[in-house]
Amino acid sequence: MKTHFLAATPVAAAMAGINPAHAGEQAGAPASRTDAAPRQEVLLERVTAEYWRVTLDNPPFNIFGPETIPQLNSVITQIETDPKVKVVVFQSAVPGFFLTHYDFVPPLSATTDMPPGVTGLPALPDMLVRLSRAPVVSIVSIRGRATGVGSELSLASDMRFASREKAVLSQWEIGAGLVPGGGPMARLPRLMGRGRALEVLLGGEDIPGDLAERYGYVNRALPDAELDHFVDALARRIAGFDKQAIADIRRLVDIPSLPPDIEIGAEWDAFLGSAHRPQAQQNLKRLMEMGLQTKPDVEKRLPVYTGTLGQ
Amino acid sequence: MKTHFLAATPVAAAMAGINPAHAGEQAGAPASRTDAAPRQEVLLERVTAEYWRVTLDNPPFNIFGPETIPQLNSVITQIETDPKVKVVVFQSAVPGFFLTHYDFVPPLSATTDMPPGVTGLPALPDMLVRLSRAPVVSIVSIRGRATGVGSELSLASDMRFASREKAVLSQWEIGAGLVPGGGPMARLPRLMGRGRALEVLLGGEDIPGDLAERYGYVNRALPDAELDHFVDALARRIAGFDKQAIADIRRLVDIPSLPPDIEIGAEWDAFLGSAHRPQAQQNLKRLMEMGLQTKPDVEKRLPVYTGTLGQ
Amino acid sequence: MKTHFLAATPVAAAMAGINPAHAGEQAGAPASRTDAAPRQEVLLERVTAEYWRVTLDNPPFNIFGPETIPQLNSVITQIETDPKVKVVVFQSAVPGFFLTHYDFVPPLSATTDMPPGVTGLPALPDMLVRLSRAPVVSIVSIRGRATGVGSELSLASDMRFASREKAVLSQWEIGAGLVPGGGPMARLPRLMGRGRALEVLLGGEDIPGDLAERYGYVNRALPDAELDHFVDALARRIAGFDKQAIADIRRLVDIPSLPPDIEIGAEWDAFLGSAHRPQAQQNLKRLMEMGLQTKPDVEKRLPVYTGTLGQ
């Protein structure tokens, strides 16, 4: 028997068949899909043999679903094994959204039934851990919301640059009674210290670009008009450097800064535990009723909506 | 035989009986007390079942003495064991002082004679370690001086917010030849990096709100007029979230960010070692003669006075 | 047979005999020397018995060569063993250059033939590790370029203060296909977090004073006109404090913040490995042809020149 993320509620059923035309200003693509052959949401472009670009393109909200996992996994496997690539930039093609939360319409088993990855971790954390260790420089260019999985992908990457005006980072999960599952409890304290990490994780609030820079959530927040040029110039610069020296520097930086896999695995377990609790199921049901995954306002101001659940 | 903090000096004796009316602008409460039944300095208010507020109220300087330990310990024990509380805010009722240094009038044995706590650590570090691990979110709202124990309580809490105009943090102890005893050598480097931690600990200077934010000593410095509302709104928000998810997130953040007890214990030992050295005894005697614990100017500009001792 | 840093290339031979009068605006001293009795490049001044000042004086570029190692080692040995000194300030006497990269003219064997130090590490990392552990407060006052060894000496010191207008920090080595060898992969992530450390190490760009402060590369960037007074006042203040308390605080801060020697040793090995690769040899040859160690513009805008090598 399949476990549905929202365990067989009418809401989940209704959501699964929702008319994408009602999903907001951006038409033409549903907020989530359960088709057998999903469209390509993760686009890989080889700018040069040494410099690749990955574009996240799942409008209208860049929600991350079970169908995204094999697509992103394929890209990460190529990054790990290609003999020439030195640097990869992740960006979004969806206005307002870099990459957001997990898709709550498909059954959770669509993810948990996947076999573990080569690290022995479940599919999603396996993929992020491998990206963080690959001998290739990963850079995220954040424009729009990097929430949940979007924040976790950013944290698993080597460097984070954000649009000062248009980037928003968050781990919103606590607002739904969920524990994040993709590494932020391991990565945020090492990046910004315990106090600010606890604020991000336990407040579940939006962190705009400039605050993200002050907290060390991103390397820098840049004026939106300069972001693309800055990231492209840095990537091209690194692409001209020696691949072995890059790999050696990364390997030595990993020692004091990468979390051990056991911490990442423990987070996934805590996420699953939280997802099955009645409190989270009820919170998610209410958020779906409010318009999560369908109404732009709910996606764009998610912490405002989560803030109403406990009252 | 009792060990006096200032080993049986006339100064200590004089201080113990000092007339509180001479203690500065704020009358009505002595700077320290040795009464059998001390007044309540640590006030616990249950704003709701989930959101508690602790007010530090020992005018005129919010000095932390041996009589404060069981009071704060009682509050922390309730925080640890209450089934409903999710978030606790620490604040001060004393203008100009969040919480300052240890009381140098009573004999040091008044503290060292206390039995160890459940962690096996001595009473003061035991209490702070337990606060840092309790499955409850602790937030300090710093207005006025958070010096010595005040800084250590802040560092043991989950999050620190400071008044941009009125907060001052410091570990002033080196100025008296003392090693701090409540955790800052373990906590500050993990929060702000080695270089800034060494500056705070070895310079013994006042760190105002905005520098405290730049250094990561506090999460944020907020305009004084906004501080109370910000902290209250954050606390109420967290109080609406799921207690189990809060506890799970804290537990996972603890792994990379909490110091092991052995580091905390070593600090207390180093503090005791330093307190017994003639250099520190002489420094404290001179500071008491200058007006420590009695004259507001000495308390408010403590680093200026410590800066004169070595010359 | 000696291994030359630039393995017996005509360029290296030519460089070794270069006329210093052609080296740029600053005449009178060669960019590197192979004399039997080198001039004193590391000047030790005892401001007081407790407060020492070390001046780096190897014009025109403050390049760090094999002849510098015993000079700096002698100073560090005195810092370690003197019974009175409490604080030491490192500064430069060379306008525009705090301390830059390794000297690529002498054979690399001039360094690798040196016996290991008391830590068991090779001479250069041994010296930096010992400075980082000495029971004395080390402060660098950075005006001009702190690149390569200059950045590594700064990172091995306790505190870093920089001229807002005139300081530039960098680990430029990746630009030449080199892995840095003096500790930055171990120290930078602990100081500024993984993301910013990877940017510094893999981008190889200049980091000016204010960005260095935002990244935590330095404690603070101060207006150039205030830097000397600030550092001098802090040093005199610390010099008045108790030496044993200083040592105890440093010892306890070391526990969570100093990297283990094995990480430092691994970096040196990776540096040597990279220095022998044809890619680095070719890059260095081309940089020398462009004017490394001879033309001020190459030294002052080194990342611009390294950025041209891969294209």
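## Observations regarding the overall build of chain A
So, step 1. The secondary structure content of chain A amounts to 14 helices and eight strands.
So, step 2. Within chain A, the proportion of its 311 residues that are buried is 63%.
So, step 3. The long-range fraction of contacts in chain A, counting pairs at least 24 apart against all pairs at least 6 apart in sequence, stands at 76%.
So, step 4. About 10300 Å² of surface is accessible on chain A, with carbon and sulfur atoms providing 56% of the total.

## So, the relation of the copies chain C and chain A
So, step 1. Rotating chain C by 120° about the axis while translating it 0.0 Å along that axis superimposes it on chain A, leaving an RMSD of 0.0 Å. Such values leave the two copies arranged in the relation of a three-fold axis. Residues of chain C ranked by C-alpha distance from the rotation axis are headed by C:Arg214, positioned 4.4 Å from it.

## A word on the interface of chain B and chain A
So, step 1. Residue-level contacts link 34 residues of chain B with 34 residues of chain A.
So, step 2. Both sides of the chain B and chain A interface together cover about 2700 Å² of buried area, and 61% of this is carbon and sulfur.
So, step 3. For chain B, the biggest contributors to the area lost against chain A are B:Arg237, B:Ile249 and B:Leu252; these three give 23% of the whole.
So, step 4. One salt bridge in this structure joins A:Arg277 and B:Asp248, with 3.6 Å as the shortest N-O distance.
So, step 5. Seen at the junction of chain B and chain A, the total is 16 residue pairs in polar contact (both at pLDDT 80 or more).

## A look at the interface of chain C and chain A
So, step 1. At the interface, 34 residues of chain C touch 34 residues of chain A.
So, step 2. Carbon and sulfur atoms supply 61% of the area buried between chain C and chain A, which totals about 2800 Å² over both sides.
So, step 3. Taken together, the links from chain C to chain A amount to seven salt bridges.
So, step 4. In this structure, A:Arg220 and C:Glu199 form a salt bridge, with 2.6 Å as the shortest nitrogen-oxygen distance.
So, step 5. The interface formed by chain C and chain A contains 16 residue pairs in polar contact (both at pLDDT 80 or more).
So, step 6. Take the side of chain C that touches chain A: its biggest share by element is eight residues, from helix H7 (residues 194–203) of chain C.
So, step 7. Looking at the side of chain C that touches chain A residue by residue, the classes come out as 15 nonpolar, 10 polar and nine charged.

## Quick notes on the pairing of strand S5 (residues 137–147) of chain B
Residues and elements named next belong to chain B.
So, step 1. Taken across its 11 residues, S5 has 10 buried, putting it largely inside the fold.
So, step 2. Strand direction decides the pairing type here: strand S3 (residues 87–92) and S5, joined by four bridges, are parallel. From the neighbouring strand, Val88 faces S5, where its bridge partner is Ser138.
So, step 3. Relative to S5, strand S4 (residues 97–99) runs parallel, the two sharing two bridges. Counterpart to Phe97 in the pairing with S5 is Arg145.
So, step 4. Sheet analysis places S5 next to strand S6 (residues 159–170), joined by eight bridges and oriented parallel. Residue pairing across strands places Ile142 opposite Ala162, the latter belonging to S6.
So, step 5. Each parallel crossover has a hand, and the one from S5 via helix H5 (residues 149–156) to S6 is right-handed.

## Quick word on the side chain of C:Arg196
So, step 1. Locating C:Arg196 in the fold gives a position in helix H7.
So, step 2. Of the side chains with opposite charge, A:Glu213 lies nearest to the buried C:Arg196, which makes no salt bridge, at 5.1 Å.
So, step 3. Not counting residues up to four positions away in its chain, the partners in contact with C:Arg196 are A:Glu213, A:Gly216, A:Val218, A:Asn219, C:Arg214 and C:Tyr215.

## Thoughts on unusual backbone geometry
So, step 1. In this structure, the amide linkage connecting A:Pro59 to the following residue, A:Pro60, adopts the cis form with an omega of 10°.
So, step 2. At C:Gln293, a residue that is not glycine, the phi angle is positive and equals roughly 75°.
So, step 3. Along the chain, C:Gln293 falls in the loop between helix H12 (278–290) and helix H13 (296–300).
So, step 4. With relative accessibility at 2%, the residue C:Gln293 sits in the buried group.

## Let's talk about the relation of the copies chain B and chain A
So, step 1. The two copies are related by a screw operation: chain B maps onto chain A through 120° of rotation and 0.0 Å of translation along the axis, at an RMSD of 0.0 Å.
So, step 2. Mapped onto chain A, only 3% of the interface residues of chain B again fall at the interface, so the copies present different surfaces.

## A closer look at the packing of aromatic side chains
So, step 1. The final tally for this structure, using the stated rule, is 15 aromatic pairs over all chains.
So, step 2. Judged by centre distance (5.9 Å) and plane angle (45°), the ring pair of B:Phe64 and B:Tyr102 falls under tilted. Here B:Phe64 is found in the loop between strand S2 (51–56) and helix H2 (68–81), whereas its partner B:Tyr102 is found in the loop between S4 and helix H3 (109–112), with 38 residues between them in sequence. Per residue, the accessibility class of B:Phe64 equals that of B:Tyr102, and both read buried.
So, step 3. Sitting above the plane of the A:Trp52 ring, A:Arg46 keeps its charged end 4.5 Å from the centroid.

## Some words on the pattern of salt bridges
So, step 1. Counting across every chain of the model gives 72 salt bridges over all chains.
So, step 2. Residues C:Asp254 and B:Arg194 are paired through a salt bridge, measuring 2.8 Å at the closest nitrogen-oxygen approach. Note that C:Asp254 is positioned in helix H10 (residues 243–257) and B:Arg194 in helix H7 (residues 194–203), a pairing that runs across two chains.
So, step 3. The class for C:Asp254 is buried, based on a relative accessible area of 14%.
So, step 4. Taking relative accessible area as the criterion, B:Arg194 reaches 8% and is therefore assigned buried.
So, step 5. Residues participating in the shared-partner salt-bridge network are A:Glu45, A:Arg53, A:Asp232 and A:Arg236.

## Focus on the environment of B:Ser257
So, step 1. Secondary-structure assignment places B:Ser257 in helix H10 (residues 243–257).
So, step 2. The residues touching B:Ser257, leaving out its near neighbours within four places in the chain, are A:Pro189, A:Arg194 and B:Arg190.
So, step 3. Among the polar contacts listed, one links the side chain of B:Ser257 to the backbone oxygen of B:Val253, at a separation of 2.7 Å.

## Focus: the pairing of strand S1 (residues 42–46) of chain B
Residue and element names in this part refer to chain B.
So, step 1. In terms of strand pairing, S1 meets S2 through five bridges, oriented antiparallel. For Leu43, the partnering residue across the bridge sits in S2 and is Thr55.
So, step 2. Here S1 folds back onto S2 in antiparallel fashion, the turn holding four residues.

## A few points about the packing of helix H4 (residues 123–133) of chain A against helix H5 (residues 149–156) of chain A
Residues and elements named next belong to chain A.
So, step 1. Closest axis-to-axis distance for the H4/H5 pair is 8 Å, and the angle between their directions is 30°. Accordingly, the angle class assigned to the pair H4 and H5 is roughly parallel. Note on element contacts: H5 touches H4 through Glu152, Leu153 and Ala156, opposite Leu128, Leu131 and Ser132.
So, step 2. Classifying every residue of the contact of H4 with H5 gives four nonpolar, one polar and one charged.

## Overview of the confidence of the model for chain A
All names here are of chain A.
So, step 1. Within chain A, residue pLDDT values average 91, and 88% of them lie at 70 or more.
So, step 2. A low-confidence stretch, residues 8–34 (pLDDT under 50), is modelled with 42 contacts involving residues beyond four sequence positions or located in other chains.
So, step 3. Across the interfaces of the predicted complex, the ipTM metric reaches 0.91, alongside a pTM of 0.92.

## Digging into the side chain of A:Glu213
So, step 1. As for its placement among the helices and strands, A:Glu213 is situated in helix H8 (residues 209–215).
So, step 2. Judged by its relative accessible area of 9%, A:Glu213 falls in the buried class.
So, step 3. Engagement of the side chain of A:Glu213 in a polar contact is seen with the side chain of C:Arg214, the distance being 2.7 Å.
So, step 4. Setting aside chain neighbours within four positions, we find A:Glu213 in contact with A:Arg164, A:Val218, A:Asn219, A:Arg220, A:Ala221, C:Arg196 and C:Arg214.

## Quick word on helix H11 (residues 261–275) of chain A
So, step 1. With 15 residues, H11(A) should cover 21 Å at 1.5 Å per step; its first-to-last C-alpha distance of 21 Å lies within 8% of that length.
So, step 2. Here H11(A) has its buried residues at A:Glu263, A:Ile264, A:Gly265, A:Glu267, A:Trp268, A:Ala270, A:Phe271, A:Ser274 and A:Ala275.
So, step 3. If you follow the buried residues of H11(A), they end up packed against helix H3 (109–112), H4, helix H6 (184–192) and helix H12 (278–290) of chain A together with H10 of chain B.

Definitions and limits used
Residues numbered from 1 in each chain as written. Chains lettered and ligands numbered in written order. Predicted model: local features only at pLDDT ≥ 70, side-chain atom pairs only at ≥ 80, totals over all residues. Heavy atoms only, no water. Helix = DSSP H or I, 4+ residues; strand = E, 2+ residues; numbered from the N terminus. Buried < 20%, exposed > 50% of the residue type's maximum accessible area, 1.4 Å probe, protein only. Contact = heavy atoms within 4.5 Å. Areas by Shrake-Rupley, 256 points an atom, 1.4 Å probe, with all protein chains shown as cover. Least-squares fit on C-alpha atoms with pLDDT ≥ 70 in both. Buried area = accessible area lost by both parts, 1.4 Å probe. Salt bridge = Lys/Arg side-chain N within 4 Å of Asp/Glu carboxyl O. Polar contact = N/O pair within 3.5 Å; in protein donor to acceptor, adjacent residues only side chain to side chain. Nonpolar A, V, L, I, M, F, W, Y, C, P; charged D, E, K, R; others polar. Pairing = 2+ DSSP bridges. Right-handed = clockwise from strand over helix to strand, strands pointing away. Lys, Arg positive; Asp, Glu negative; His and termini not counted. Phe/Tyr/Trp six-rings, centres within 6.5 Å; stacked < 30°, edge-to-face > 60°. Lys NZ or Arg CZ within 6 Å of the ring centre and 35° of its normal. Axes fitted to C-alpha atoms, helices over the stretch in contact; angles between N-to-C directions. Parallel < 35°, antiparallel > 145°, perpendicular 65-115°, else oblique. pLDDT = per-residue confidence, 0-100. Expected span 1.5 Å × (residues − 1).

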